[in-house]
2 protein chains.
Amino acid sequence: MRQSMTLIPTLREVPADAEIKSHQLLLRAGFIKQIASGIYTYLPLAKRTLDKVEKIVREEMENAGAAEVLMPSLQPAELWQESERWYSYGPELMRMKDRHGREFALGPTHEEVITSIIKDVVQSYKRLPLNIYQIQTKFRDEQRPRFGLLRGREFIMKDAYSFHTSKESLDEVYDKMYTAYKNIFTRCGLDFRAVLADSGAIGGKDSQEFMVLSDIGEDTIAYSDASDYAANIEMAEVVCNDDKPSVEEKPLEKVETINQKTIEQVSSFLNVSPRECIKSLVLKVDDEFVMVLVRGDHEVNDIKVKNVLNASLVEFADESEVEELLGCSFGSIGPVGLPETIKVYADNAVQAMINATCGANENNYHYINVVPNRDFSVESYADFRFIQEGDPSPDGQGTIRFARGIEVGHIFKLGTKYSDSMDAKFLDENGRAQSYIMGCYGIGISRTLTAVAEQCNDDNGLVWPVDLAPYHIHLISVNVKDDVQVQLSNDLYDSLKQNGYEVLHDDRNERPGVKFKDSDLIGLPVRITIGKKASEGIVEVKDRKTGEMLEVSKDDLLPLLKKLLQM
Amino acid sequence: MRQSMTLIPTLREVPADAEIKSHQLLLRAGFIKQIASGIYTYLPLAKRTLDKVEKIVREEMENAGAAEVLMPSLQPAELWQESERWYSYGPELMRMKDRHGREFALGPTHEEVITSIIKDVVQSYKRLPLNIYQIQTKFRDEQRPRFGLLRGREFIMKDAYSFHTSKESLDEVYDKMYTAYKNIFTRCGLDFRAVLADSGAIGGKDSQEFMVLSDIGEDTIAYSDASDYAANIEMAEVVCNDDKPSVEEKPLEKVETINQKTIEQVSSFLNVSPRECIKSLVLKVDDEFVMVLVRGDHEVNDIKVKNVLNASLVEFADESEVEELLGCSFGSIGPVGLPETIKVYADNAVQAMINATCGANENNYHYINVVPNRDFSVESYADFRFIQEGDPSPDGQGTIRFARGIEVGHIFKLGTKYSDSMDAKFLDENGRAQSYIMGCYGIGISRTLTAVAEQCNDDNGLVWPVDLAPYHIHLISVNVKDDVQVQLSNDLYDSLKQNGYEVLHDDRNERPGVKFKDSDLIGLPVRITIGKKASEGIVEVKDRKTGEMLEVSKDDLLPLLKKLLQM
């Protein structure tokens, strides 16, 4: 493509409201243009990179046995009312009325539509499993759109939905999609982790997020430094190998701790370490108050409490509730001498504590030399805490580290959530009606573009991996009024295209400095400059990533490109 | 693709509300599924054909020098208010509010968005011309959606917009786009005409519609039986070669014509032919009444009146207005003895009339032996009538015939309509601000799919042209429990794919009759059936279009396919 014929409006200044690198660079390099808050036009360069991401996604979806469709953006409210998401989705769901007053949702996702289609046309177990996907513009009315394409209101998603007669069949397709997702993000050149995510009551390995590692990520990941284990910190399982220390149990003793409330204050005042203290919290679990204990240097993970106790709602009690219940404030709570109506649950690590310190349920007093099971009883021990850096990895390999991540994909075993609510059934081998078992699988296509831009850049601009670059080569004519340079540029342009390269030819009548700056900013993998040595048939080749520059004869160009681009 | 893994829900019955062949067949062959009135899901087969149409469109757009972008569907109301289309577009424009109450249009077209972008980023004449296109889902809230994808509320369009410094530059790009459009519809295998369309005051050759000839078309086209001349009937120019007959002028005479009102009644009563009568109509042209005359066998074309008189609004006067103005009813209007305040315009054919008949502006009376210019004066003669079948083609070649057409494309010289209203200017060579001169160019992608389905079918189903077929070959295993058949099917599937063919493999456990009926309905160009002769290595090949069937050895298959598919 001749640069004079396409639209690449580069900017010299960093746009004021662009906080993160990818947003700044995609704006500055002329890839995107904002139309309204969280709403962008993909200009020609971004469109080409999106096409490449989509091509990779389509190839891997085909390998995974998925068939492509295109569902509408306008979804009748009735479908969303059947699934009840019309009521639960909140203001993120964009809604509108047609000229006859009928209500529609602008699709943020398509579980309802695909379930209604499959329900209509697939009646027999013989036609299952099915795995259906689409690549489509989605809508979500974010409260605070930001970070450019990362949290927009109109964005491109790949969403897939699978339908099964059995959990085993779902597992099989889920695993295929997992492999497809790993292939996709690997091919996109991303540094990512597949992360165990919260999947509510389904639990276990039934939901995984694909996270691109990045400091600007909105989620924190716990990962092993020695294996590919990774999990959302809310989800990461804690393995407790603590043995009870072989010290003598001392007698329980109540001590005065005037105005000492936090773990730090109490441990410092009593000259013990925080890990020798018991942190006691009161939680309201489905309207029942319980006490949860963790070690003083640990934090309670309410999602784990919810999952272990199989609860619908878990909240931390507020201080007035604690005072009414126990007659003391937050800083003096403890499990010793509790009314029997309050059940005590403790993290595994508490079981190995001996001669510990805890609140006495009386302001300004703590117990010391507390021994679990001797001085208080525990309903059950389980994994109730957040994982921490330095913990052993749950897979037994290595140590946990933390990182921040950008979610670019999510695979999820839905089970019968939608088929039950929408009464979507097939007839099994015995002619009995059964709810479809479903999976769903999303990839943020425009998010992936941003994630790549966020990971692949330097001080001068973007640095695209070959497979996602809008073009492979930036061919620059230094002086478009010099006939020899123009002739060589045109010849090279044609021959490079014939050799399968995608070439952006800067044929603009601009100063060389402007062209070089734009070229670095846009970040195509290879720059070829046709300058004064054109008459000798010599051109300059620059590797955008390493910055290395070479002068070569035009006859030696193709072998060099083959090496540099490795397509 | 294995048919068991994709979604092709064929139907035996014709769906009740599908009026036209393409709608019926696309539903019955499992290409589309309705989600709401005028809103469809493209199932896997339709998606594949859409992809092929889009690929052709992209190739031809690239040849025409257009660069691809993707603009958002959500368009801020402010842009539409600037162009004033927010007020003029009517209820077809889908509108909505975001969570903060800001208004948006769901784009039916993108003149406003692209003009606002170009205005922002292209300041200099040096960056023009530009031709920018996208392929995108559009929204239009049709009053009565019908004919399946033909008049839907959510549909796929290719829309392009070009920006120029001069009319000459626009002409050049317009011509390139014209050629691209001809190539696109030719490559889609369509029988179409490029038709001159009404472009309002711009006039002339500045707007062309691409019409696929079809009896179900909503527009009527006038075309030459001997050239490629074609025009919307509103637009078709009439060439008048009539000479005054060499007969003696008779004296004007007023005759009684009691209760004779229509041309048919009067001509029959007076024993003359309708073509010897003058048909007189009163029109309100921008609030001024004028009289327009055509021959009795012709019809007044108000769009031509509007264009010739350079008017904003032209309406036919109602009978009460005529009675107040002339003192007579519709059936007795005529140009003789009119008050001078009423200007008379006449169609070219009237100039050649002699001894004609017309109303006397007095009920129950007509004049006979009327001679134009002798008995009444005419402000000007021009082409004021609708073209008719049998008229000479305006290009001098052949005779006009009528046909009905489905509009699949439209190219249009916009001029400065949007750049003026949106204050979108560039600086010319002298540093003066000038409005961009614009063109716009649309193709209905999902409409094109329907038009092909409408033209390419027979009693058994669809008959896809090779270049648009969802797959090239339908490979049918007659008995999926016969190991020999299965083995040969799998081997052939692999080898056909390796040879570049796209194959749909019917591996379903269904009766052969069902498979053959489905196959005819879906309409892939070639069917290969693996049946009992699999053990001898013999397969059956059917040409869907001709119905011809051949048994061939598997070793002779590839040369035969090469001949049949001619890719």
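The structure displayed is predicted, hence computed values, not measured ones.

Draft legend 1. Quick look at unusual backbone geometry. A cis geometry characterises the amide bond from Leu128 of chain A onward to Pro129 of chain A, with omega recorded as 0°. Topologically, Pro129 of chain A is positioned in the loop between helix H5 (111-121) and strand S7 (130-139). One non-glycine residue, Asn259 of chain B, lies in positive phi territory at about 65°. One can find Asn259 of chain B in the loop between strand S13 (253-256) and helix H7 (263-270). We classify Asn259 of chain B as exposed; its relative accessible area is 55%.

Draft legend 2. Structural detail: the environment of Arg58 of chain A. With respect to the secondary-structure elements, Arg58 of chain A resides in helix H2 (residues 44-63). With a relative accessible area of 24%, Arg58 of chain A lands in the partly exposed category. Taking C-alpha positions, Arg58 of chain A is 9.4 Å from Ile184 of chain A, a pair spaced 126 residues apart along the chain. Apart from the residues within four sequence positions on either side, Arg58 of chain A is in contact with Glu68, Tyr133 and Ile135 of chain A together with Lys47 of chain B.

Draft legend 3. Just the relation of the copies chain B and chain A, in detail. Expressed as a screw operation, the relation of chain B to chain A combines 0.0 Å of axial shift with a rotation of 180°, fitting to an RMSD of 0.1 Å. What the superposition gives is, in effect, a two-fold axis relating one chain to the other. Across chain B, the rotation axis passes nearest the C-alpha of Met96 of chain B, at a separation of 2.7 Å. Looking at chain B, 98% of its interface residues are interface residues in chain A too, so the copies touch through the same face.

Draft legend 4. Molecular detail of the sheet that holds strand S6 (residues 103-106) of chain A. All names here are of chain A. With antiparallel pairing, the three strands of this open sheet are ordered in space as S4-S6-S5. Every other strand in the sheet has two partners, leaving strand S4 (74-76) and strand S5 (94-97) as the edge strands with one partner each. When the angles between neighbouring strand axes are averaged without regard to direction, this sheet yields 40°. Across four bridges, S5 lies against S6 in antiparallel orientation. Bridged to Arg95 within S6 is Ala105.

Draft legend 5. Spotlight on the pairing of strand S27 (residues 473-477) of chain A. Residues and elements named next belong to chain A. Counted residue by residue, S27 has five buried out of five residues, so it is predominantly covered. Neither face of S27 is open: one carries Ile473, Leu475 and Ser477, the other His474 and Ile476, and all of them are buried. Bridge count for S27 against strand S28 (residues 503-506) is four bridges, and the pairing is parallel. In the sheet register, Ile473 faces S28, and the bridge partner there is Val503. Read as a crossover between parallel neighbours, the route from S27 over helix H13 (residues 483-498) to S28 is right-handed.

Draft legend 6. Region of interest: helix H15 (residues 557-565) of chain B. Residues and elements named next belong to chain B. Along H15, the positions that sit buried rather than exposed are Leu557, Leu560, Leu561 and Leu565. Viewed along the axis of H15, the buried residues span an arc of 115°, placing them on a single side of the element. Exposed side of H15, more than 90 degrees from the buried face: Pro559, Lys562 and Lys563 are the residues found there. The inward-facing, buried residues of H15 contact strand S27 (473-477), helix H13 (483-498), strand S29 (526-530), strand S30 (538-543) and strand S31 (549-553).

Draft legend 7. A look at the domain arrangement of chain A. Residue and element names in this part refer to chain A. Taken as a whole, chain A is organised into domain 1 (44-237 + 401-453), domain 2 (253-382) and domain 3 (471-565). Across the contact, seven residues belong to domain 1 and four residues belong to domain 2. Regarding the contact of domain 1 and domain 2, the summed buried area is about 400 Å², with carbon and sulfur atoms giving 45% of it. Where domain 1 meets domain 2, there are zero salt bridges. Inspection of the domain 1/domain 2 interface yields two residue pairs in polar contact (both at pLDDT 80 or more).

Draft legend 8. Examining the interface of chain B and chain A more closely. On the chain A side, the residues contacting the 60 residues of chain B number 60 residues. Both faces combined, the contact of chain B with chain A buries some 5,100 Å², and carbon together with sulfur accounts for 63% of it. Here chain B is connected to chain A by ten salt bridges. Taking the shortest distance from any N to any O, the salt bridge between Arg153 of chain A and Asp98 of chain B comes out at 2.8 Å. Across the chain B-chain A interface, the total number found is 18 residue pairs in polar contact (both at pLDDT 80 or more). The biggest single contributor to the side of chain B that touches chain A is helix H5 (residues 111-121) of chain B, with five residues. In the side of chain B that touches chain A, the residues fall into 35 nonpolar, seven polar and 18 charged.

Conventions we followed
- Residues numbered from 1 in each chain as written.
- Chains lettered and ligands numbered in written order.
- Predicted model: local features only at pLDDT ≥ 70, side-chain atom pairs only at ≥ 80, totals over all residues.
- Heavy atoms only, no water.
- Helix = DSSP H or I, 4+ residues; strand = E, 2+ residues; numbered from the N terminus.
- Buried < 20%, exposed > 50% of the residue type's maximum accessible area, 1.4 Å probe, protein only.
- Contact = heavy atoms within 4.5 Å.
- Least-squares fit on C-alpha atoms with pLDDT ≥ 70 in both.
- Pairing = 2+ DSSP bridges.
- Axes fitted to C-alpha atoms, helices over the stretch in contact; angles between N-to-C directions.
- Right-handed = clockwise from strand over helix to strand, strands pointing away.
- Arc of directions from axis to C-beta.
- Domains from an automatic or database assignment.
- Buried area = accessible area lost by both parts, 1.4 Å probe.
- Salt bridge = Lys/Arg side-chain N within 4 Å of Asp/Glu carboxyl O.
- Polar contact = N/O pair within 3.5 Å; in protein donor to acceptor, adjacent residues only side chain to side chain.
- Nonpolar A, V, L, I, M, F, W, Y, C, P; charged D, E, K, R; others polar.

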